[in-house]
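Understanding the architecture of this molecule
These are the residues of each chain, in order.
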Amino acid sequence: MDYKFSDKVSKLQASAIREILKFTSEPGVISFAAGNPSPEAFPKEKIAQLSAELLNDDPILALQYSITEGYTPLRDFLKDWMTSKNCFHSEFDDLIVTSGGQQANELSCKVLLNEGDTLLCESPSFIGSLNAFRSYNVNLVGVEMDDDGINLEKLENALKTEKNVKILYLIPNFQNPTGRTMSLEKRKAVYELACRYDFIILEDDPYGELRFAGEFLPAIKSFDKEGRVIYSSTFSKIISPGFRTGFVSAPSPIIQKMVVCKQVSDVHSNVWAQVISHRFMTSINREEHFGKLREIYRKKCELMLGYIDNEFSKKITYVKPEGGLFIWCTLPDDCNMNAFCTQAVRDYKVAVVPGNSFSINTDEASHSFRLNFSTPSDDQIKQGMEILSKMTKELFD
């Protein structure tokens, strides 16, 4: 049978990252291609304790249907926590619990954009969000980045030349895939542009608590006085991605529409995970927990950077992250990046992600690739980086 798919999905393709991960099932492959938290980071014992208590004391709470907006004690905690960060403004904001940060971004697009409306984003950007946006047939336009975030001149030019710009999607902290952090000056300038050109900022912050270098910077949402910023985040990187528990702080009318759309999609997010997330976040020393996570990732990042600094070909440049999970490396201009990534996994048994996986235009050239330092063990980092070091010297020196 010849299946005719809807216009919304007919042009979508499987994530290139997921396709590359298929190679990691082969014996002996070391993967720097994932983006998972470190196994060391999971608070397994605490989650087991809280789960046993919940299922013993109040099992129906975890097993029954719940409200779409999210488990009320968790929402109340999140409102207070976000208020302490100036990311929830009680006079005009509301909050909904979502099935991970991915659903938060998808719902934002769903409730605000019509087909053909323009969504601007950093270029490159997170493939999961890009595919969510593409599924709504929006005019997706990438804006080049500087070392300290999106290029403001090119952003303003896009605002002047593109039609019906409704949303600007940003990952200000340790951006996926580049690891870059947007400067304080640019955060303020972007918000000023939103006020001047009348658009919504979708601020995606999955890695904000994972800063292991530099100074913490306020979220763009903290500057919001006009209800122009949607702030999305998740417990995936600070508790567990398997929980699929994220949240959105945004103006109340937007949240109300998200609630209706979420009812259509999945009724509500996993209740057990919401209850455990609430009990975890309210029963631990959060700064101590975050500090442990930051130290895990600081050590792993420094271990990987040591090989790039001292063992890689000097013709390869990189972005030094101040947090998050990724390092963005760039090959010489005359190098075929896709061939490099294919050769790395096929011949050297080390998997990395080609940079064009994150391109707004799928045929756009890229000379970069992404390394992940959170998922592999320290021994795997040492072994894999030794192999890549040898490969880069053989190819470029």
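About the thresholds
Residues numbered from 1 in each chain as written. Predicted model: local features only at pLDDT ≥ 70, side-chain atom pairs only at ≥ 80, totals over all residues. Heavy atoms only, no water. Helix = DSSP H or I, 4+ residues; strand = E, 2+ residues; numbered from the N terminus. Rg over C-alpha atoms; globule rule 2.2 N^0.38 Å. Buried < 20%, exposed > 50% of the residue type's maximum accessible area, 1.4 Å probe, protein only. Pairing = 2+ DSSP bridges. Contact = heavy atoms within 4.5 Å. Axes fitted to C-alpha atoms, helices over the stretch in contact; angles between N-to-C directions. Arc of directions from axis to C-beta. Polar contact = N/O pair within 3.5 Å; in protein donor to acceptor, adjacent residues only side chain to side chain.

Some details on the overall build of the protein
Counting its secondary structure elements, the protein contains 13 helices and 14 strands. Compactness check: the protein gives a C-alpha radius of gyration of 21 Å against a globular reference of 21 Å for 397 residues, within 12% of the reference. With respect to the three principal axes, the spread of C-alpha positions in the protein is 60 × 55 × 55 Å. Expressed as a percentage of its 397 residues, the buried residues of the protein come to 56%.

Observations regarding the sheet that holds strand 14 (residues 368-372)
Read across the open sheet, the four strands follow the order 10-11-14-13; overall the sheet is antiparallel. The sheet is open, and its two borders are formed by strand 10 (317-319) and strand 13 (353-354), each paired with just one other strand. Note that strand 11 (residues 326-330) and strand 14 share five bridges and pair antiparallel. Note on strand 14: the bridge partner recorded for Thr-330 is Ser-368. Each of strand 10, strand 11 and strand 14 touches helix 11 (residues 286-310); the most contacted strand, strand 11, lies at about 15° to it.

Observations concerning helix 12 (residues 337-347)
Within the sequence span of helix 12, burial applies to Met-337, Phe-340, Cys-341, Ala-344 and Val-345. The buried side chains of helix 12 occupy one side of the element, clustering within an arc of 120° when seen end-on. On its buried face, helix 12 is in contact with strand 12 (350-351), strand 13, strand 14 and helix 13 (378-396). By the N-cap criterion, in which a side-chain oxygen at the helix start approaches the backbone nitrogen of a residue two or three places on, helix 12 is capped by Asn-336, the distance to Asn-338 being 3.2 Å. Immediately beyond the C-terminal end of helix 12, within one or two residues, lies Lys-349, with a positive phi of roughly 65°.

Overview of unusual backbone geometry
Between Ser-123 and the following residue, Pro-124, the backbone shows a cis peptide bond with an omega angle of 5°. Structurally, Pro-124 can be placed in the loop between strand 3 (118-123) and helix 6 (127-134). Residue Pro-177 follows Asn-176 across a cis peptide bond; omega there is 20°. By secondary structure assignment, the location of Pro-177 is in the loop between strand 6 (165-170) and helix 8 (184-197). One non-glycine residue with positive phi stands out, namely Arg-244, at about 50°.

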